[in-house]
Amino acid sequence: MTRPAERTDVTAHAPSAQPTTARKPSPTHTSPTARASAEARAPVPRRVPTTPRTPLDHVPPPALRAGPDGLVREINDAAALLLPRTIPGSPLTDTAPDWFAGAHARAVREDLPGIARGALDGRTFEASPVRHEGGEFTWWLRDAGEEERLRAALRTERARNALLDEASTQLLSSLNADRALAITARLAARHLADAAVVVSPWRGRRVELVLGVAGGAPLTRSVRADPAEVPGLVEALQGFPPVPSRWLDPAQYPDWALPEGFGTPASVLVTPMPGHGVPAGALVLLRKEGGRTFGDDEESLARLFALRAGTAVSAALLYAEQAALTKTLTRELLPPPLHRVDGIDLAGGYRASADRERVGGDFYDVHPAAGGTDGECFVVLGDVCGKGLEAAILTGKIRNTLHALLPLAADHQRVLSLLNAALLTSHHTRFATLVLASARAEADGGVRLRVTSAGHPQPLLVRADGTVEQAGTNGTLVGVLPEVRATTDTVRLAPGETCLLYTDGITEAKGGPLGETMFGEDRLSRAASECAGMPAGAIVERVRMLAEQWVGAGRHDDMAVVAITAPKRGQKTAGPA
């Protein structure tokens, strides 16, 4: 059976005869994305930033406000002083300078007006515009010349500080007074004047000068002259405030204080160089003929420079004085060099507790035979409690006291008693140990020796066969008890034999593998035994070398050792130790 074909009816509607009006979508139904896209496509009108108007009555800087028509709306008192013809309501073209009126006209035409510059009241000003609603502008006036003057003053001040920094750096780099004076003259001639003369403090009839010329090396000069010939120099050397340069007559400046070929100066400046309590000299600055005179700022800079120079020179002079004093005192406190005295071979060695020190609490002295010693050579070795400078001071006092007691040197007990009384009455609280030895050479080449120990290690007797003995002497400390008790031992040294005096800095020196083991008396005795028959100088050097090797770089006390040897026949004397 055949299915009948299906039919679809399509009805076509004719367009309506009435006109169709496009419906506008309501804004409330517009999506945010579509609205943002539409705003992005729409052109944005250019807006010029504006600033709210500010009343200018109480504004300190000069300012005025003008409209787009070129008429002045407002002007404050500071601007009125610069533009006396400009009043509210007046046109800028008639009452203001052309550069200012033109700048306002350009500002009205342009969206981004710039800063204008021109002359007002004989000075250079900058005018900065600020735009307001309605096309008005407020013009702020600023003295551009004042800014330039401030910049110039800043550059000058920086240059001054750079000079003073350079002066401080170079002057403080050395404690040599001559070098400090030369640096002062060189820097002053280079930065402050055409020439500089540094005058040292006047002593005697000669004047010491250091002359510096720009571009040249400083020269020293010593002249026999009167400083009063230089105007203002005497007052400067005495530390009085400087005389203003304008009060000094350059024509009176003497030739002996001028650099060679300098000629008559056009301007002179003399200023003191203050030191530590006393003036360190004076600085004289010179300008060549035809040059400008020194101004107030230059005089102020010269005084600051002279202050730094004076401080450095004074410190160098003080250091030199202290160094000379220290050298003199050290020379008096150092143990003397020993040699053969009265037919007896003597040698000594000393090492302070610190490598940077030269003196300490250990000492020794040798006094040749004289009246009161019964023809005996008097040897003293001692150890003061402590170390360093304080111990060295008491050491010097003991040595001087013993020197005064030389007429009594034959009586060891009396010498010790008098020394003990002197120490007890002093302000020192330190004590000392001593060993006294009186030696006399005998006809057979031997030496008769009397030794007395006062709280000191017993001397060692090194015999010719290498045997080492201790002298039979002992006693109490000096400077502690009201009375000193000591025993004296008399021994004889055959030719080639030695009596070794030493301080406890030798035996108590700590070292060894762990640095805590003492050198000790046994080790010292063995070292002395190995030196049997050797000259005194060789024995001392051997003992010192072993002790120093033992302590190495470790800490130690002062060390002192003295060898008294009966020389072998034909043996040459040992040199100073």
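Before going into details, it helps to say that this report is about the structure given with it.

Criteria and cut-off values
Residues numbered from 1 in each chain as written. Predicted model: local features only at pLDDT ≥ 70, side-chain atom pairs only at ≥ 80, totals over all residues. Heavy atoms only, no water. Pairing = 2+ DSSP bridges. Helix = DSSP H or I, 4+ residues; strand = E, 2+ residues; numbered from the N terminus. Axes fitted to C-alpha atoms, helices over the stretch in contact; angles between N-to-C directions. Contact = heavy atoms within 4.5 Å. Buried < 20%, exposed > 50% of the residue type's maximum accessible area, 1.4 Å probe, protein only. Core = buried A, V, L, I, M, F, W, Y, C linked by side-chain atoms within 4.5 Å. 1 Å grid on protein atoms, 1.4 Å probe; cavity = no way out; pocket = protein on both sides within 12 Å on 5 of 7 lines; lining within 4 Å. Points joined across faces, edges and corners; volume = space filled by probe spheres on them. Nonpolar A, V, L, I, M, F, W, Y, C, P; charged D, E, K, R; others polar. Phe/Tyr/Trp six-rings, centres within 6.5 Å; stacked < 30°, edge-to-face > 60°. Lys NZ or Arg CZ within 6 Å of the ring centre and 35° of its normal. Parallel < 35°, antiparallel > 145°, perpendicular 65-115°, else oblique. Left-handed = near helix turned anticlockwise from the far one by under 90°. Salt bridge = Lys/Arg side-chain N within 4 Å of Asp/Glu carboxyl O.

A word on the sheet that holds strand S9 (residues 267–272)
Then, in step 1: The sheet built from five strands is open, its strands ordered S8-S7-S6-S10-S9 with antiparallel pairing. Two strands bound the open sheet, and with one partner strand each, they are strand S8 (219–224) and S9. Taking the axes of each pair of neighbouring strands and ignoring which way they run, one obtains an average angle of 20 degrees across the sheet.
Then, in step 2: Bridge count for strand S7 (residues 206–213) against S8 is six bridges, and the pairing is antiparallel. Bridging from a neighbouring strand, Val-210 pairs with Thr-220 of S8.
Then, in step 3: Helix H8 (residues 296–333) contacts S9 and strand S10 (282–287) of the sheet and is inclined by roughly 40 degrees relative to S9.

Considering the pairing of strand S19 (residues 498–502)
Then, in step 1: A large share of S19 lies buried, amounting to five of its five residues.
Then, in step 2: Burial along S19 is two-sided: the face carrying Thr-498, Leu-500 and Tyr-502 and the face carrying Cys-499 and Leu-501 are both buried.
Then, in step 3: The pairing of strand S16 (residues 460–462) with S19 spans three bridges and is classified as antiparallel. Bridge pairing links Leu-460 to Leu-500 in S19.

A short note on the nonpolar core
Then, in step 1: Ranked by size, the top nonpolar core spans 29 residues in total, and within it Leu-283, Leu-285 and Phe-305 carry the most contacts.
Then, in step 2: Listing elements by their share of this core, those giving two or more residues are helix H5 (144–171), helix H6 (177–191), strand S6 (195–199), S10 and H8.
Then, in step 3: With sequence-adjacent residues up to four places away left out, Leu-283 is seen in contact with Thr-184, Ala-188, Ala-196, Val-197, Val-198, Leu-269, Val-270, Thr-271, Met-273, Phe-305 and Ala-306.
Then, in step 4: Core analysis: the next-biggest nonpolar cluster, separate from the first, contains 27 residues, Val-379, Ala-439, Ala-560 and Ala-566 among them.

So, empty space enclosed by the protein
Then, in step 1: Counted by the stated rule, this structure contains three cavities of 30 Å³ or more.
Then, in step 2: Space inside the largest cavity adds up to approximately 40 Å³.
Then, in step 3: Considering the residues around the largest cavity, the lining is formed by Gly-349, Tyr-350, Arg-351, Ile-506, Arg-544, Glu-548, Met-559, Ala-560 and Val-561.
Then, in step 4: Of all the secondary-structure elements, those providing two or more residues to the lining of the largest cavity are strand S11 (345–351), helix H13 (536–551) and strand S22 (559–565).
Then, in step 5: Considered class by class, the residues forming the lining of the largest cavity number five nonpolar, one polar and three charged.

What about the layout of surface pockets?
Then, in step 1: By volume, the largest pocket is sized at about 530 Å³.
Then, in step 2: Surrounding the largest pocket, 21 residues form its lining, Leu-329, Thr-330, Glu-332, Leu-333 and Val-359 being those nearest its centre.
Then, in step 3: The set of elements that each furnish at least two residues to the lining of the largest pocket consists of H8, strand S12 (362–367) and helix H9 (389–404).
Then, in step 4: Grouping the constituent residues of the lining of the largest pocket by class yields five nonpolar, seven polar and nine charged.

Quick look at the sheet that holds strand S3 (residues 116–120)
Then, in step 1: Here we have five strands laid out as an open sheet, ordered S2-S1-S5-S4-S3, and antiparallel in their pairing. Looking at strand neighbours, the two that pair on one side only are strand S2 (72–75) and S3, the edges of this open sheet. Pairwise comparison of adjacent strand axes, ignoring direction, gives a mean angle of 30 degrees for this sheet.
Then, in step 2: The pairing of strand S1 (residues 63–66) with S2 spans three bridges and is antiparallel. By the bridge assignment, Leu-64 is partnered in S2 with Ile-75.

Things to note about the packing of aromatic side chains
Then, in step 1: Scanning all chains against the criterion turns up four aromatic pairs.
Then, in step 2: Plain terms: the ring middles of Phe-137 and Trp-139 are 6.5 Å apart, the flat faces sit at 35 degrees to each other, and that makes the pair tilted.
Then, in step 3: What makes Phe-137 buried here is its relative accessible area of 1%.
Then, in step 4: Against the face of Trp-550 rests Arg-523, its NZ or CZ located 4.1 Å from the ring centre.

Remarks on unusual backbone geometry
Then, in step 1: Of note in this structure, Asp-121 is not a glycine but carries a positive phi near 55 degrees.
Then, in step 2: Along the polypeptide, Asp-121 turns up in the loop between S3 and strand S4 (123–131).
Then, in step 3: What makes Asp-121 exposed here is its relative accessible area of 55%.
Then, in step 4: In this structure, Asp-342 takes a positive phi of about 55 degrees despite not being glycine.
Then, in step 5: Inspection of the secondary structure assignment puts Asp-342 in the loop between H8 and S11.

Overview of the packing of H5 against H6
Each pair of packed helices gets described by two things: the angle between the helix axes and the distance between those axes.
Then, in step 1: Following both chains from N to C, one finds H5 and H6 inclined at 160 degrees, their axes separated by 10 Å at the closest point. Here H5 is positioned roughly antiparallel relative to H6, judged by the angle of their axes. At the point where H5 passes H6, the crossing takes the right-handed sense. For the pair H5 and H6, contact is made by Leu-163, Glu-166, Ala-167, Gln-170 and Leu-171 and by Ala-180, Ile-183, Thr-184, Arg-186, Leu-187, Arg-190 and His-191, respectively.
Then, in step 2: Broken down by class, the residue content of the contact of H5 with H6 amounts to six nonpolar, three polar and three charged.

Brief notes about the pattern of salt bridges
Then, in step 1: This model, assessed by the stated rule, comprises 28 salt bridges.
Then, in step 2: In this structure, Glu-136 engages Arg-65 in a salt bridge whose closest nitrogen and oxygen atoms are separated by 3.5 Å. With Glu-136 in the loop between S4 and strand S5 (137–143) and Arg-65 in strand S1, this residue pair connects regions lying 71 residues apart in the sequence. Of the two residues, Glu-136 and Arg-65, neither departs from the other in class, the shared state being buried.
Then, in step 3: Salt-bridge contacts for Arg-544 lead to Glu-548; the nearest nitrogen and oxygen are separated by 3.7 Å. Placement of both Arg-544 and Glu-548 in helix H13 is noted, with a separation of four residues, approximately one turn of the helix.
Then, in step 4: Among the residues examined, Arg-544 registers a relative accessible area of 23% and is labelled partly exposed.

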